[in-house]
Amino acid sequence: MSVLWKFFGRRRSPVQSYLWNAAFRTAVSESRDFTLHRSYTMAHGTSESLIPELHPESRVLLQRIESMGLPPLCDMTVEQARSSSIERLKFTSSPTVEFKGRTQEIQCTPTRIPVRVYHPQTYQSGKPRLLVFFHGGGWVIGSCDTHHDALSSVAQLTGCAVASVEYRLAPEHKFPAAVEDAVSSTEWFLSPDNRESVGLPTDMIVGVGGDSAGGNLAAVVTHELKSLNSIKFQVLIYPATDFTTVTESQERYATGYLLTQSSRKWFREHYLSDVLQKKDPRASPLLSQNFENLPACLLVVAECDPLYNEALAYGNKLEAAGVPTERLVLKGLIHAFFSSPGACPESCSRVYNHVANFIHRQV
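Residues numbered from 1 in each chain as written. Predicted model: local features only at pLDDT ≥ 70, side-chain atom pairs only at ≥ 80, totals over all residues. Heavy atoms only, no water.

**Student:** Just checking my understanding: could you explain the side chain of Glu-310 for this structure?
**Tutor:** Counting through the fold element by element, Glu-310 comes out in helix α13 (residues 308–320). Arg-264 is the oppositely charged side chain nearest to the buried, salt-bridge-free Glu-310, at an N-O distance of 5.9 Å. Discounting chain neighbours no more than four positions away, the residues touching Glu-310 are Pro-239, Ala-240, Thr-241, Asp-242 and Gln-250. (Helix = DSSP H or I, 4+ residues; strand = E, 2+ residues; numbered from the N terminus. Buried < 20%, exposed > 50% of the residue type's maximum accessible area, 1.4 Å probe, protein only. Lys, Arg positive; Asp, Glu negative; His and termini not counted. Salt bridge = Lys/Arg side-chain N within 4 Å of Asp/Glu carboxyl O. Contact = heavy atoms within 4.5 Å.)

So this is what it looks like as structure tokens:
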């Protein structure tokens, strides 16, 4: 076993990890040395052979990131990780449609949170809509720029305005700073006077959305501002919803699928100040006590994503509370595809159009 561990246990890149997983599955079936692993998967009701096949676009995304030659996220400084997220745009960006409207850089007062507003050239028929969106990036990286192509495409396809919020990042601003900014910026856009001050219609239907860490923030915002009854819809894209539980999907996709176990730990340790904060519903919205009267939800989930189970669990709680909830599960897709239209054009186009259709139906 020591020789095998020396080979199989070393740190590897995402693509190397994916290829290793295939070799590992073969070794499991052929070697008695892995009886413990077979017992483990049987005990958990899973099988290595049942791991879904990756979508071709997931392979492209992994290969492009691999070609950047970056060290694992857990070996990077925060500054290096943020720089690499911008560098990655050269390999993964490309709008699915041309945005024909205009963008505007503003600051939400009094806290002066930077926001990029996408004004459509023409609003859809009926009441205009506004999507207040929070980017992903583990609360540590990511920005309006990393999600520009995705959100400009959504704005163009929906014919609605999109406000991309540049909330404060950890570790400079640990939890709950990002939550406070998400709540504050949403409250600001819920005011007709504030919207009018930046050229937005006063009679808008307002919703929130986000991907990954941003989906976490969007979910939390709906709970924090539920009493206002002003948020009319939510778009949650593979949201992080629970810091307290180790799920089957976290174990199944721990390495080789972009969002690794070590990178999730790296994000968590930068975001939270202590382990007790894991149980705070503002960090783990799945632990919220009351899901009734939350806005209608579109839940987008990638099948080969460590966050798969906790995202679906959140949808289950919404449905149990009577909240209209649509689910879109993307077969063979991995985490972070939403902000990678250059690598995943077909999948992104499908999701952007689904988001547009969902928003069009909200009243």
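**Student:** I keep staring at the packing of aromatic side chains and nothing clicks. Help me out?
**Tutor:** The geometry of an aromatic ring pair is captured by the separation of the ring centres together with the interplanar angle, meaning the angle of the planes. In total, this model carries 13 aromatic pairs according to the counting rule given. On the basis of an interplanar angle of 80 degrees and a centroid distance of 5.7 Å, the ring pair of Phe-99 and Tyr-118 is categorised as edge-to-face. A residue pair is termed long-range when its members are at least 10 positions apart, and Phe-99 in the loop between α6 (89–92) and β1 (102–108) and Tyr-118 in strand β2 (residues 113–119) qualify at 19 residues. Each member of the pair, Phe-99 as well as Tyr-118, carries the same accessibility label: buried. An aromatic cluster is present here, built from Trp-139, Phe-175, Phe-243 and Tyr-271 joined pairwise through their rings. (Phe/Tyr/Trp six-rings, centres within 6.5 Å; stacked < 30°, edge-to-face > 60°.)

**Student:** Honestly, the side chain of Gln-277 in this entry has me stumped. Any pointers?
**Tutor:** Checked against the element boundaries, Gln-277 lands in the loop between α12 (261–271) and β7 (296–304). The class for Gln-277 is buried, based on a relative accessible area of 17%. Discounting residues that sit within four places of it in the chain, Gln-277 has contacts with Phe-175, Leu-272 and Ala-283.

**Student:** Before we go on, may I ask you to explain helix α7 (residues 148–158) in this structure?
**Tutor:** What sets the pattern is the α-helix's 3.6 residues per turn: residues three or four places apart point alike. Of all eleven residues that make up α7, eight are buried, and the element is covered over most of its length. Every buried residue belonging to α7 is among Asp-149, Ala-150, Leu-151, Ser-152, Ser-153, Val-154, Ala-155 and Thr-158, and all of these are buried. Those residues of α7 that are buried lie in contact with β2, β3 (129–134), β4 (161–165) and α14 (345–360). Positive backbone phi, at 65 degrees, marks Gly-159, one or two positions downstream of α7.

**Student:** I tried to follow the packing of helix α8 (residues 177–190) against helix α10 (residues 213–224) on my own but got confused; where do I start?
**Tutor:** Two packed helices can be described by the angle between their axes and the distance between those axes. Closest axis-to-axis distance for the α8/α10 pair is 9 Å, and the angle between their directions is 60 degrees. What the angle tells us is that α8 and α10 run oblique. Pair α8 / α10 crosses with right-handed handedness. Residues Ala-178, Val-179, Ala-182, Val-183 and Thr-186 of α8 form the contact with α10, whose participating residues are Leu-217, Val-220, Val-221 and Glu-224. (Axes fitted to C-alpha atoms, helices over the stretch in contact; angles between N-to-C directions. Parallel < 35°, antiparallel > 145°, perpendicular 65-115°, else oblique. Left-handed = near helix turned anticlockwise from the far one by under 90°.)

**Student:** Which parts of the structure should I look at to understand the nonpolar core?
**Tutor:** Nonpolar side chains tend to gather and get buried jointly when the protein is soluble and globular. Residues Leu-130, Phe-134, Phe-189, Leu-217 and Tyr-271 are the most contacted members of the largest nonpolar core, which totals 63 residues. A per-element tally of this core places α8 first, with seven residues. Discounting chain neighbours no more than four positions away, the residues touching Tyr-271 are Trp-139, Ala-170, Lys-174, Phe-175, Ala-178, Val-179, Leu-217 and Phe-243. Ranked by size, the runner-up nonpolar core spans 43 residues in total, among them Leu-54, Ile-65, Tyr-118 and Ala-336. (Core = buried A, V, L, I, M, F, W, Y, C linked by side-chain atoms within 4.5 Å.)

**Student:** What should I look at first to understand the pairing of strand β8 (residues 325–334) in this one?
**Tutor:** Across a regular strand the side chains alternate sides, sitting on one face of the sheet and then on the other. Here β7 runs beside β8; their pairing, made up of seven bridges, is parallel. By the bridge assignment, Ala-302 is partnered in β8 with Leu-330. For the segment spanning β7, α13 and β8, crossover handedness is right-handed. (Pairing = 2+ DSSP bridges. Right-handed = clockwise from strand over helix to strand, strands pointing away.)

**Student:** Explain unusual backbone geometry here, please?
**Tutor:** Negative phi characterises most residues that are not glycine, and trans characterises most peptide bonds. Look at the link from Thr-109 to Pro-110: it is a cis peptide, with omega at 5 degrees. Mapped onto the fold, Pro-110 is located in the loop between β1 and β2. The omega angle of the peptide bond from Phe-175 to Pro-176 is 10 degrees, so this bond is cis rather than trans. Looking at where Pro-176 falls in the secondary structure, it is placed in the loop between β4 and α8. The backbone of Asn-229 shows a phi angle near 55 degrees, a positive value even though the residue is not glycine. Inspection of the secondary structure puts Asn-229 in the loop between α10 and β6 (231–237). For Asn-229, a relative accessible area of 55% puts it in the exposed group. The residue Tyr-238 is not glycine, and still its phi comes out positive at about 30 degrees.

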